[in-house]
Amino acid sequence: MNRRTYLTVVSSVGIAATAGCSGLAENQTLSDPTVNTESSGRKALVFTSNSEEVGHFGVDGSVESGRIDLSTEIWHREGTHVTSIKLRVQMPETATESLAEVAVISPVEGDSSPPPSIALYTPDRALGTIIEITDLDDLADETISTLNLIVFPRSETATALNIRVTIELAGNGVLSSDYILDGELQLEYPELDNQ
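(A) Looking closely at the sheet that holds strand β9 (residues 129–134). One open sheet accounts for six strands, arranged β1-β12-β11-β6-β9-β8; its pairing is mixed. Each having just a single partner strand, β1 (27–30) and β8 (117–121) make up the two edges of the open sheet. Pairwise comparison of adjacent strand axes, ignoring direction, gives a mean angle of 10° for this sheet. The pairing of β8 with β9 spans five bridges and is classified as antiparallel. Looking across to β9, one finds that A119 is bridged to E132.

(B) Seen up close, the confidence of the model for the protein chain. Looking at the protein chain as a whole, the pLDDT averages 83, with 81% of positions reaching at least 70. A low-confidence stretch, residues 1–23 (pLDDT under 50), is modelled with two contacts involving residues beyond four sequence positions or located in other chains.

(C) Structural context of the pattern of salt bridges. Summed over the entire model, instances satisfying the criterion amount to seven salt bridges. As a salt-bridge pair, R77 and E52 come within 3.4 Å of each other at their nearest N and O atoms. Residue R77 is found in the loop between β5 (67–76) and β6 (80–90), and its partner E52 is found in strand β4 (residues 52–64); the two are separated by 25 residues along the sequence. One salt bridge connects D182 with R164, and the closest N-O pair in it is separated by 2.6 Å. Note that D182 is positioned in strand β12 (residues 178–188) and R164 in strand β11 (residues 160–171), a separation of 18 residues in sequence. We classify D182 as buried; its relative accessible area is 18%.

Criteria and thresholds
Residues numbered from 1 in each chain as written. Predicted model: local features only at pLDDT ≥ 70, side-chain atom pairs only at ≥ 80, totals over all residues. Heavy atoms only, no water. Pairing = 2+ DSSP bridges. Helix = DSSP H or I, 4+ residues; strand = E, 2+ residues; numbered from the N terminus. Axes fitted to C-alpha atoms, helices over the stretch in contact; angles between N-to-C directions. pLDDT = per-residue confidence, 0-100. Contact = heavy atoms within 4.5 Å. Salt bridge = Lys/Arg side-chain N within 4 Å of Asp/Glu carboxyl O. Buried < 20%, exposed > 50% of the residue type's maximum accessible area, 1.4 Å probe, protein only.

Listed below in structure tokens is the structure:
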């Protein structure tokens, strides 16, 4: 067989395979999650694509000494990794009068990598406090259950807490899809009224 012809055929097949595969990978925004509720202060947003769970964001909150302690969990399916997390935390009953104070209380880091980049700020023209986490390194491939928050309502009457979630997932392979998980949890802590 002529070597030049053979190389041309192999190159052509490789190009055709690459061109065909590029159409399989997708960028999907999943913005209609199912809300799983265990109680008014313990809920999860579950994001699915083609009837398969892609990821979820869960919150388990409790009230102590007039503040809300929140533990969170971010799970994503195998073959994806987290590239960024953005949370907007607000108490809607008093959001226009006085912002709740929000603190990140636990180290958000993996087993062997430096901690990720965390920004905590109040935007100029939007209500609530923003928490942005990027550069997750080895934590990006894991279920993230080390992100804990404290919310101080700064109001004696506010009992509702909303968390707007935007999580970006990237596929680990050429054929894998990238996802943006976007949704909002609405939580209630009526025990704040009694403290």
